[in-house]
Amino acid sequence: MLFRFTGGVLEYTLIALLLVAFLIGTSTFQTWLAGQAADYLSGELNTEVRIGKVDLTVLRDAYIEDVYIEDLHGDTLISAPRLTIGLSSFSLGQEKFKFSQLALENALVKLKVYEGEEDMNLQFLLDYFASEEPDTMPSTQKIFIDELRLDHAHFSYLDENATPTDSGMDFSNIDIPDLTVAGSAFGMEGDTILASID
């Protein structure tokens, strides 16, 4: 009788584990989970964060659609209809991540320093993900990206505190409506950034 009970419990546990594994592999569940993460970040950051759809493949690729992040003034910071991420390998112990690709398609990126403020509108996001530990040791984190692409992105930067330049290039007011950039062999090791722009 005990053997039959134990066998039944193991059988139902195995079925439940297979069902959970199947659900985790579906785009619907992945999108729901990403939505929960976006809602959490919206609350933590006091701004709107949305993710429309997520599709993770067995081959370590992620396709994320309709990514939207507002700055603290309620203006668009980043909006991307499609983000593609290909993970080649990673080692959490060595803090090493290698991506086969990172691509943003038709993205809108609006960087701004608002009047009367010193920091760029992206700073709150960088601060949130930064370590709270004092930086006494050089970072050992290594990130490598074989292919980094921006396809038809609209990029703008505006410093509302700067005096506009009458002649030449005004680096405090940049607007590039159709930016396509491809880079290979992009890497970050500690505080060093390496890239080859094609």
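All figures in this text were calculated on a predicted structure; none of them were measured in a lab.

Rules used throughout
Residues numbered from 1 in each chain as written. Predicted model: local features only at pLDDT ≥ 70, side-chain atom pairs only at ≥ 80, totals over all residues. Heavy atoms only, no water. Helix = DSSP H or I, 4+ residues; strand = E, 2+ residues; numbered from the N terminus. Buried < 20%, exposed > 50% of the residue type's maximum accessible area, 1.4 Å probe, protein only. Core = buried A, V, L, I, M, F, W, Y, C linked by side-chain atoms within 4.5 Å. Contact = heavy atoms within 4.5 Å. Lys, Arg positive; Asp, Glu negative; His and termini not counted. Salt bridge = Lys/Arg side-chain N within 4 Å of Asp/Glu carboxyl O. Polar contact = N/O pair within 3.5 Å; in protein donor to acceptor, adjacent residues only side chain to side chain. Expected span 1.5 Å × (residues − 1). Arc of directions from axis to C-beta.

A word on the overall build of the protein
Scanning the protein from terminus to terminus reveals three helices and eight strands. Along its sequence from the N terminus, the protein presents helices and strands in the succession α-α-β-β-β-β-β-α-β-β-β. Split into buried and exposed, the 198 residues of the protein put 26% on the buried side.

A look at the nonpolar core
Residues A38, L45, V49, I69, L77, V109, L111, V113, F124, L125, Y157 and I174 constitute the largest nonpolar core, which totals 12 residues. For this core, the element with the highest residue contribution is strand β5 (residues 108–113), accounting for three residues. Non-local contacts of L45, meaning those with residues more than four positions away in its chain, are made with L72, F124, L125 and Y128. Among the nonpolar cores identified, the runner-up in size contains eight residues, and A34, V54, V67 and A107 belong to it.

Overview of the side chain of D170
By secondary structure assignment, the location of D170 is in the loop between β6 (142–159) and β7 (173–189). Despite its burial, D170 pairs with no opposite charge, the nearest such side chain being K112 at 14 Å. A polar side-chain atom of D170 sits 3.5 Å from the main-chain amide nitrogen of T165. Sequence-distant contacts of D170, defined by excluding residues within four places in its chain, comprise P164 and T165.

Some remarks on helix α2 (residues 27–45)
Spanning 19 residues, α2 covers 26 Å between terminal C-alpha atoms, matching the ideal 27 Å at 1.5 Å per step. Taken together, the buried positions of α2 are occupied by S27, Q30, T31, A34, G35, A38, S42 and L45. One side of α2 carries all its buried residues, which in axial view fall inside an arc of 140°. Exposed residues lying more than 90 degrees from the buried face of α2 are W32, D39 and Y40. Note on α2: the residue one or two positions beyond its end, N46, has a positive phi of about 60°.

Considerations on the environment of K110
Tracing the backbone through its elements, the reader meets K110 in strand β5. Judged by relative accessible area, K110 falls into the partly exposed class, the value being 24%. Separated by 39 residues in sequence, K110 and D71 have C-alpha atoms that sit 9.2 Å apart. Beyond its immediate stretch of four places on either side in the chain, K110 contacts D75, T76, L77, N121 and S156. Within the local environment of K110, its side chain forms a polar contact with the side chain of D75, the two groups lying 3.1 Å apart.

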